[in-house]
Amino acid sequence: MSVEGQHTVGDDRPQGGTGHRGSADAHTPARSVARTLGRLLGRTVATVLPVMIGVVVAVFFLLRLVPGDPAAMILGDRATPAQLDRLREEMGLTLPLAEQFGNFVWGIITRFDTGDSLITGVSTREAILAKAPISLGIVALAVIFAVALTVPLALAAARNRGGFADQVVRIIPTIGMGMPTFWVGLLLIIVFAVQLGWFPVGGVAPGPLGTLWSLVLPAAAVAISLVPPLVRSLRAQLLEVVDADFVTTLRAAGVPERTILTRHILRGAALPTIALFGVNVAYLIGGTLVVEKVFGIGGVGTLLFQSIGSRDFPVVQGIALYCAIAVVLITLAVDALATWIDPRLRGRQS
Amino acid sequence: MKFTARARGWRIAAVALTAALALSGCAAEAPAASSGSGEGPVSGGTLTFGRAASVTDLDLHQQITANNAFAIDKIFEPLVSFDADGKIIAWLADYEVSGDGLTYTFTLHDGVKFSDGTEVTPEDVVFSITRHLEMEGSPLPIEAPVDTIEATGDREITITLKSAYTPFLSELAGFSNGVLPKDFGGANEAEFFKSPVGTGPWVLDEWDPNGDLSFVKNEHYWQDGKPYLDGLVYKFVADPTQLQQQLVAGQVDAVEQVPAANSAEVGGNAALQLIEAAGWSADQVFFNTLNEHFADEHVRRAIAHAIDRDGIAQATGFGTSEVANALVPTAIEYSANDQGYGLAYDVDAAKAELAKSKFADGFATTLAIRNDRPEFAQIAQIVQEQLAAIDIDVTIESLDYAVFKERVYANLDYDFMLNNGQADAPDPNGIISFQTDVTGFSKSYWTSFSDPEVNKLVEQGRTTADGPEREKIYFKIQKLLAEKAPFIPLSFPANLQGTTASVHDYTLLPNGSVRFQDAWIAQ
């Protein structure tokens, strides 16, 4: 999932150019934006295509290696060999592997679908789309929570470096990193749902507000596992920027402290953290799929677990494919965000 | 049928509710006791039932799995059924059996209607049972030698058998013999099962094959005044911990499964009730008799003596399961559980048996278990330890259920295994045939065990009319099986479900299904 322009903590200073942000003599803002967009689009095609091809191939052939016969899972114990053969033929499992793969790819290209579910007969695309809103809701909320937690924690730590808050912020995330998402989910359920009764212990309540309320704990569980590396990164970057010369200059020029913090320090320090977030997108989506089961939420993750258990290959393939697309798109979006935030680019536009 | 939990349920309910309410609520579970105290069933409300699997299909002849069956039997009903004790009772029709056991005459009750309001006719019944008989590879086939099935009157259906077959009524009572409209009421077959019409108390409302399913009451239901509830929701909750927590939090009114380990916790919570019914299944050790070690009867007997079944039942059943001393569960007629046939836990006897075998010095072998049943992992460890005492070195292999099926069922590629044998009907023939008929699809429950004497007795059992003579035959079979030990029944687990204290007349059947038409929720 390596995308050009991603960087891990520390190898990219906000002031340093990373090469793809437009040449120094871009003429007008409009052109600059168009150019950036064009580059983004080119990059999207250049990165998405190979990744997708890789995913399609891996998803198809890896599943073939998993033991367990889908026909036997569908027909049950009493199936006669003749029935099993007939069903395998119906499912296209008796065709040569190359032909099966061809059909698989053709279905993806023409219908954006990996076939009908072997168990329910519902088209995979429809089955996933029906469950996607809930899962996306958890992802979106988790991102909001992660940002809402990361920024104040990192600021508090950076502001009194070595002080109490800094120690706490450094130690707690270390513990957080060691806790798997499902475990955090269980703890949240026990404390906030069972003991305090503030949230439902699981499932999704009806209505938009009910849905939102039901997704708070799952999203928090995902966010909590996501926050530690982000806080570490942002804190480290903040500390570096705080001592930078331009900050001293700004202070000397009498720019208010708040403006320095939000306009200059935070924006400068955020970039590597956002890049790091891009790297963690796969983790975010994986965490969402797991947390659904813990919270009894019937989203894409639960569908994935069901389908793996019943060897419902088309659905498993479809979910893997859609998740891969989601990871790539979000990674690109994060990248675009980083470009937008970049102080140099912003400076030129204003 | 043991109802140990009902007594406990009473005590718990008595704490939570007024004594009168509790008494009327629980006593009404028995069909004879109508609620005389005036605190009868209350109509209305929706009951949310938490289940671990979604309903994927409603075709009663092809798609009987536990998750589908318990929805199918809410929509389709058979001519005869069974009560909470497993006794066969008339359901849609009264029945009469001729003296020679060959002719079965069914008379439909007056006013039995489908959920769309049309009257059920004998032609509908003929159509339904014929479709099932002609279905190849039905999960719950009619094994009876049916000769003809005809509509012989306005409300009468006559079924004749080629030869006497005593378990026929119990087969008819199964999930796959519900009545549906002739020719699917004119609908296309696939469409019909997406929005089925039956005589059952519940009508499909909304259904997500990967999620929840909801029912509304059948306004034309033939049992007057029932169901009491307006709606019933099958809520899909994949995680067992989550399932129980939702019950505790009152997010669901009932849950389909309470692990034995949690039964005391549910039973001890005043806001909840533990619903317990003796089941029709037996946890067992099965031997691959094609394996060189387990082809030897002495080895199998040695293992039977080496395993402490009481210890296993206690360790894994937490007081809810019964020690198995014979194959047929105690909730089924002619169980020989009290006859003392099972080989007793006796390490010296085990060693003596092993000494008589070709493997007197012991051997190494592999025990296959399925990982979807956590209690099997526990049992496997106990078995491993106890067999070590007689120098049999056991490696436990835990397999994903899909892999387990492929290895054990399809390819007989295993040494010995732990599994659960489940009867589908309250007649001993089912589970016994299933586990001793090497020519059947299950190849004697994948043990490949075959014994001419047992086979002859099984044949006799099927054709002998109910009574002491039939009992004698089944006792004899169970004794032979205990001695030859192609499998070792360990325990009969109870069906354990849980409800909140406000749910009443929750009728849990021995096959694990629930009669929700009797249930009501105190307001």
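Residues numbered from 1 in each chain as written. Chains lettered and ligands numbered in written order. Predicted model: local features only at pLDDT ≥ 70, side-chain atom pairs only at ≥ 80, totals over all residues. Heavy atoms only, no water.

Per an unreviewed UniProt entry, chain B is named Peptide/nickel transport system substrate-binding protein, and its organism is Leucobacter exalbidus. The annotation that UniProt attaches to chain B under Sequence similarities (unreviewed entry) is "Belongs to the bacterial solute-binding protein 5 family." (UniProt positions renumbered as here; feature names shortened; annotations may be inferred.)

You'll find chain A entered in an unreviewed UniProt entry as Peptide/nickel transport system permease protein, with Leucobacter exalbidus given as the organism. The Subcellular location (unreviewed entry) field of the UniProt record for chain A holds the comment "Cell membrane". UniProt's Sequence similarities (unreviewed entry) comment on chain A is quoted here verbatim: "Belongs to the binding-protein-dependent transport system permease family."

Peer 1: Before we move on, could you go through the sheet that holds strand β6 (residues 146–151) of chain B and cite the residues and values that matter?
Peer 2: Sheet strands pair via backbone hydrogen bonds, and the direction of the pair is either parallel or antiparallel. Residues and elements named next belong to chain B. The strand order across the open sheet built from four strands is β4-β5-β7-β6, with neighbouring strands paired in antiparallel fashion. Single-partner strands in this sheet number two, and they are β4 (93–97) and β6. Across the sheet, the mean angle separating the axes of adjacent strands is 15 degrees when strand polarity is ignored. Bridge count between strand β5 (residues 103–108) and strand β7 (residues 156–161): five bridges; the pairing is antiparallel. The partner of Thr 103 across the bridge, within β7, is Thr 160. (Pairing = 2+ DSSP bridges. Helix = DSSP H or I, 4+ residues; strand = E, 2+ residues; numbered from the N terminus. Axes fitted to C-alpha atoms, helices over the stretch in contact; angles between N-to-C directions.)

Peer 1: Explain the environment of Ile189(A) to me, using residue names and the numbers behind them.
Peer 2: Inspection of the secondary structure assignment puts Ile189(A) in helix α7 (residues 181–195). Setting aside its immediate chain neighbours within four residues, Ile189(A) contacts Val194(A), Val201(A), Val294(A), Phe295(A), Gln242(B) and Gln245(B). (Contact = heavy atoms within 4.5 Å.)

Peer 1: Can you break down the pattern of salt bridges residue by residue, with the values?
Peer 2: Side chains carrying opposite charge are able to pair once their charged atoms draw close together. Residues and elements named next belong to chain B. Going through the model one piece at a time under the given rule, you end up with 25 salt bridges over all chains. The shortest N-O distance in the salt bridge between Arg 131 and Glu 189 comes to 2.6 Å. You can see Arg 131 sitting in helix α4 (residues 122–134) and its partner Glu 189 sitting in helix α6 (residues 189–192), a full 58 residues away along the chain. When its relative accessible area of 10% is taken as the criterion, Arg 131 is described as buried. Of the residues examined, Glu 189 reaches a relative accessible area of 35% and is grouped as partly exposed. A salt bridge links Arg 373 to Glu 375, with the shortest nitrogen-to-oxygen separation between them at 2.9 Å. On the basis of relative accessible area, Glu 375 is assigned to the partly exposed category, the value being 23%. (Salt bridge = Lys/Arg side-chain N within 4 Å of Asp/Glu carboxyl O. Buried < 20%, exposed > 50% of the residue type's maximum accessible area, 1.4 Å probe, protein only.)

Peer 1: An account of the nonpolar core is needed here, citing residue identities and associated values.
Peer 2: Counting residues in each nonpolar core, the largest one holds 101 residues, and the members touching the most others are Phe106(B), Ile159(B) and Phe168(B). Once residues within four sequence positions are removed from consideration, Ile159(B) is found in contact with Leu102(B), Thr103(B), Tyr104(B), Phe106(B), Ile129(B), Val146(B), Thr148(B), Ile149(B) and Phe168(B). Counting 69 residues, the second-largest nonpolar core is a separate cluster that includes Leu141(A), Val201(A), Val281(A) and Ile297(A). (Core = buried A, V, L, I, M, F, W, Y, C linked by side-chain atoms within 4.5 Å.)

Peer 1: Quick one: what's the story with the UniProt feature "transmembrane region" (unreviewed entry) in chain A, residue by residue and with numbers?
Peer 2: Residues and elements named next belong to chain A. Under the present numbering, the feature "transmembrane region" (unreviewed entry) in UniProt falls on residues 40–63, 134–158, 179–199, 211–231, 265–285 and 319–341. Helix makes up 100% of residues 211–231 and strand 0%, with an end-to-end C-alpha separation of 29 Å. Strand forms 0% of residues 265–285 and helix 95%; the C-alpha atoms that close the span are 30 Å apart.

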